[in-house]
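Coordinate analysis (summary)
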Amino acid sequence: MLYGRTTLSKFLIEQLRGDKSAQDLSALLIDVAAAIKGISAMVSKGALGDHLGSAGTQNVQGETQKKLDVLTNELMLRQCEWGGQLAGMVSEEMDEPFTVPSPYPRGAYLLAFDPLDGSSNIDVNVAVGTIFSVLKHADRKPPQTASYLQNGDRQIAAGYAIYGPSTMLVISVGRGTHGFTLDRETGNFVLTHPDLTIPADTGEFAINVSNERFWEPPITRYVGECKAGRSGIRERDFNMRWIASMVAEVHRILMRGGVFMYPRDTRDPSKPGRLRLLYEGNPMAMLIEQAGGCASTGRGRICELPPSQVHQRTPVILGSRNEVERIERYHREYDEGSDRPFVSPLFNERSLYRPEVT
Ligand code: AHG
Ligand code: MN
Ligand code: MN
């Protein structure tokens, strides 16, 4: 039934009623949603669209860009620059921040985005997404790099789109996390998943196990215990997923719980993790927390991390509260050394009095 459904515009008017700057924020989110509809149409063409494959260029992170990374970035810029709500944008695919050019009026918000998340999946027709974060730009002057370096707790809104069997938009303006499904016949995003809530407990974890040799001990401990299942100290079996699209992992967690980890590792000491803070870690952390879950670096909330660079990376551990809190405890115990009980030298590996292992 079409009549009576809550579309994105209706939802935003209702959620932001009484908020002074609501009109601009609504207009901005509607523009972001329009860009997302464009990206959805583009990616769904698949091999028929001539958009697959490499662009032959590299982004500032040294990653080879797909044609679709470049095209979707362009689409986000063009769709969001003109309305007078934004002062500037940062993106995974742009070395430097983009300042809204004249003749467009400059607005009071900043947008940080990852135009195509999980883009390594695009050529194999697996779900990809778009992630975005809205920050305030109170200053009248054009934004500088420093203007974007705000803690995640200062986000005004955050969201992602997932381009799967259906296209969905999941957003928060700080009043819960809500999911919309794109009705391809009417072109409307329709509220289908209001007030998403992540169960506190879960039996599902997601991590790229091929990085195991680079993990820190608290992660090895946690994953080891999950793998041991019923026969280990957790005394129950766990299941594992790895899609390599953060949007798809976060979406699964918002739908049925779970824990997602892309932790700090020792692969490259200059990078404290794989994912980027401003346009991956922070927006996903806001959505997860607004749905009752936790989002941590392992050593504190992601949203409290002060950014020092636009493309800064962060460890990400998010999802069901009790599991994330357990992983944080494992980090604490490791940092204090209390996970390594004192072993008398008489009983160490070289000793003749080695106790029997049971
Ligand atoms: P992007 O395509 O925007 O560069 O992001 C991909 C990210 C994220 O979506 C996913 O969780 C992770 O990279 C996968 O990384 P691995 O290939 O190392 O598993
Ligand atoms: Mn990404
Ligand atoms: Mn990307």
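Structure: see above.
The following paragraphs examine the structure supplied in this document.

Here is what the cut-offs are and how they apply
- Residues numbered from 1 in each chain as written.
- Chains lettered and ligands numbered in written order.
- Predicted model: local features only at pLDDT ≥ 70, side-chain atom pairs only at ≥ 80, totals over all residues.
- Heavy atoms only, no water.
- Disulfide = S-S within 2.5 Å.
- Donors = N, O, S within 2.8 Å, 3.2 Å for Na, K, Ca; no water.
- Helix = DSSP H or I, 4+ residues; strand = E, 2+ residues; numbered from the N terminus.
- Buried < 20%, exposed > 50% of the residue type's maximum accessible area, 1.4 Å probe, protein only.
- Pairing = 2+ DSSP bridges.

What follows deals with the state of the cysteines. What makes a disulfide is a covalent bond joining the sulfur atoms belonging to two cysteines. This model, assessed by the stated rule, comprises zero disulfides. Its sulfur unpaired, C226 is 16 Å from the next cysteine sulfur, which belongs to C294. Cysteine C294 shares no disulfide, and the gap to the nearest cysteine sulfur, in C303, comes to 11 Å.

On to the coordination of the manganese ion (ligand 3), then. Only E92 (OE), D114 (OD) and L116 (O) from the protein reach the manganese ion (ligand 3) as donors, at distances of 2.3 to 2.7 Å. Between consecutive donor residues of the manganese ion (ligand 3), the sequence gaps follow E-x21-D-x1-L. Between the two metals, the manganese ion (ligand 3) and the manganese ion (ligand 2), the spacing is 3.7 Å, and D114 donates to both. Of this pair, E92 sits in the loop between β3 (86-91) and β4 (98-99) while L116 is found in strand β5 (residues 109-117), placing the two residues 24 residues apart along the sequence.

Before going further, it helps to spend a moment on the pairing of strand β9 (residues 178-183). Of all six residues making up β9, six are buried, and the element is well covered by its neighbours. Neither face of β9 is open: one carries H178, F180 and L182, the other G179, T181 and D183, and all of them are buried. With antiparallel pairing between neighbouring strands as the criterion, strand β8 (residues 167-172) and β9 make up a hairpin whose turn holds five residues, including G174 at a positive phi of roughly 90 degrees. With five bridges joining them, β9 and strand β10 (residues 188-193) adopt antiparallel strand pairing. Across the sheet, F180 pairs through a bridge with L191, a residue of β10. Between β9 and β10, which pair antiparallel and follow one another directly, the connecting turn spans four residues, one of which, G187, has a positive phi of 80 degrees.

Just distances and angles here, no functional claims.
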